[in-house]
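# Topology and contacts: notes
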Amino acid sequence: MERLCYLSKNYPSTDGSGNKAKTDNEDTLALMGAVNIANKRTGHRNKIAAFFVDLAGIARYVCSVRKGDRIVLQYPHKKYFSFICRIARWRGAKTITLIHDLGSFRRKRLTVEKEIRRLMNTDYVIASNEVMRQWLIDHGFRKPTGSLGLFDYRSNSESKEKRNEEGTVRIVYAGALSMRKNAFMLEMAKSMLPYQLHVFGNRGGLPQMQDNPQVIFHGFLPADDFISNVDADFGLVWDGDSTESCTGNFGEYLRYNSPHKVSFYLRAGLPIIIWRQAAVASIIEREDVGFCIDSIEQLQELLPSLKRERIETMRRNVRELSNRLKNGAFLKAAVESAISELQ
């Protein structure tokens, strides 16, 4: 009998996008009828306790996996990834690996060759998006592949009805701020903007930020509260130290990853403004849930000429896409495609 399976583990916090995405995926898999063949999900913050909990989960997996299983793994799996794949193959099971992040990209923890070699232990890879999928193929990955597109975002909160008034366009940027990731905001604050930038994050992360009446800081807001309360027109996805292009390790990574922030904004009812060379830019355009720009300077002319009717059309499309993200539609489709191809 074939089973769909997954391995849960210890997640010290789901406040960060990585753990939130992984636990959401586990919940979606469970609703698909998948069986957790490791230990129950835990939230220990003590690293020693977390280590032994995860180790016990691997031991349980070794005893639980059986012939015919289809096991969804979430990569990077900090420990034991290759071991898990080999045990599955030995038992007559197959592994489907969903990639959240590649160590050879932003963090440079692996060489590309080592990462491809490691991933070759799995039977099927679901890349974050089509651009990442092609990158894997171009760099020597030779197993069957698919792509996710966008990460789903499960939340019981629903976005509020947005005001549809003529006047200044309101753009939101949410996240932990730092000079290496968000220095572009320093440039934005130096000029008078024809729009408002509402920042939900730690202003202390940008100590050189100038005061600007059009840049309003709100501090952090819990994710569910943000989804149900934020009232704005767009969510901005941009990284790096330049307003002319996304630069640096974080900026360049947008070419390949599927930012969890995109799904977060969409669940909050916000159309997206994103760098045109981002990997998910084609999805934003195809679904008509925002628009793509080459530089932030383009907003100076683009936004004042934007009609409210156009914003409302994008909002309607966002509501439809948000429901799909809420219900795990992207993961369901990717896993079902993987199972079909493996058969």
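Residues numbered from 1 in each chain as written. Predicted model: local features only at pLDDT ≥ 70, side-chain atom pairs only at ≥ 80, totals over all residues. Heavy atoms only, no water.

## A word on the packing of aromatic side chains
Where we set the bar: In summary, the pairing rule links any two rings of Phe, Tyr or Trp, Trp by its six-membered ring, whose centres are within 6.5 Å, and it sorts them by plane angle into stacked for under 30 degrees, edge-to-face for over 60 and tilted for everything else. We count a stretch as a helix when DSSP gives it H or I for four or more residues in a row; a strand needs E for two or more, and each element gets its number in order from the N terminus. Residue burial is assigned from relative accessible area. The probe radius is 1.4 Å, only protein chains are included, and a residue is buried under 20% of its type maximum, exposed over 50%, and partly exposed in between. In this scheme, the term charge over a ring applies when either NZ of a lysine or CZ of an arginine sits within 6 Å of the ring centre and within 35 degrees of the ring normal.
Under the criterion given, the structure shown has eleven aromatic pairs. Summarising the aromatic geometry, the rings of Y173 and F184 are spaced 5.9 Å apart at their centres and angled 70° between planes, so their arrangement reads as edge-to-face. With Y173 in strand 7 (residues 169–174) and F184 in helix 7 (residues 184–188), this residue pair connects regions lying eleven residues apart in the sequence. With centroids separated by 6.4 Å and ring planes inclined at 25°, the aromatic side chains of F264 and Y265 adopt a geometry described as stacked. Both residues of the pair, F264 and Y265, count as buried. These aromatic residues form a ring-pair network of at least three members: Y153, F200, F226, F264 and Y265. Here K9 stacks its cationic end above the ring of Y11, 4.9 Å away from the centre of that ring. Against the face of Y153 rests K20, its NZ or CZ located 4.7 Å from the ring centre.

## A closer look at the packing of helix 10 (residues 260–267) against helix 13 (residues 308–326)
For the record, the criterion: For every element, the axis is a line fit to its C-alpha atoms; helices are fit only across the contacting stretch, and the angle between N-to-C directions ranges from 0 to 180 degrees. Relative orientations are named as follows: roughly parallel for angles under 35 degrees, roughly antiparallel for angles over 145 degrees, roughly perpendicular for angles from 65 to 115 degrees, and oblique for any other angle. The crossing is said to be left-handed when, going from far helix to near helix, the turn is anticlockwise and less than a right angle, and right-handed when the turn is clockwise. When checking whether two residues touch, look at their non-hydrogen atoms; a contact exists if any pair is within 4.5 Å. Classes in brief: Ala, Val, Leu, Ile, Met, Phe, Trp, Tyr, Cys and Pro nonpolar; Asp, Glu, Lys and Arg charged; the others, Gly included, polar.
Viewed as axis vectors pointing N to C, helix 10 and helix 13 meet at an angle of 120°, and their least axial separation amounts to 8 Å. As summarised for this structure, helix 10 and helix 13 are arranged oblique, according to the angle between their axes. In terms of crossing hand, the pair formed by helix 10 and helix 13 is left-handed. Of the residues in helix 13, those in contact with S263, L266 and R267 of helix 10 are V318, L321, S322, L325 and K326. Partitioned by chemical class, the residues of the contact of helix 10 with helix 13 number four nonpolar, two polar and two charged.

## Let's talk about the nonpolar core
Filter applied, for reference: In plain words, nonpolar cores are sets of buried Ala, Val, Leu, Ile, Met, Phe, Trp, Tyr and Cys residues tied together by side-chain atoms within 4.5 Å.
Counting 78 residues, the largest nonpolar core has I171, F226, F234 and I274 as the members making the most contacts within it. The element best represented in this core is helix 14 (residues 329–342), accounting for seven residues. Residues within four places of F226 in sequence aside, it is in contact with V172, A174, F200, L221, F264, Y265, A268 and L270. One finds I58, V65, A88 and A127 within the second-largest nonpolar core, a separate group that totals 29 residues.

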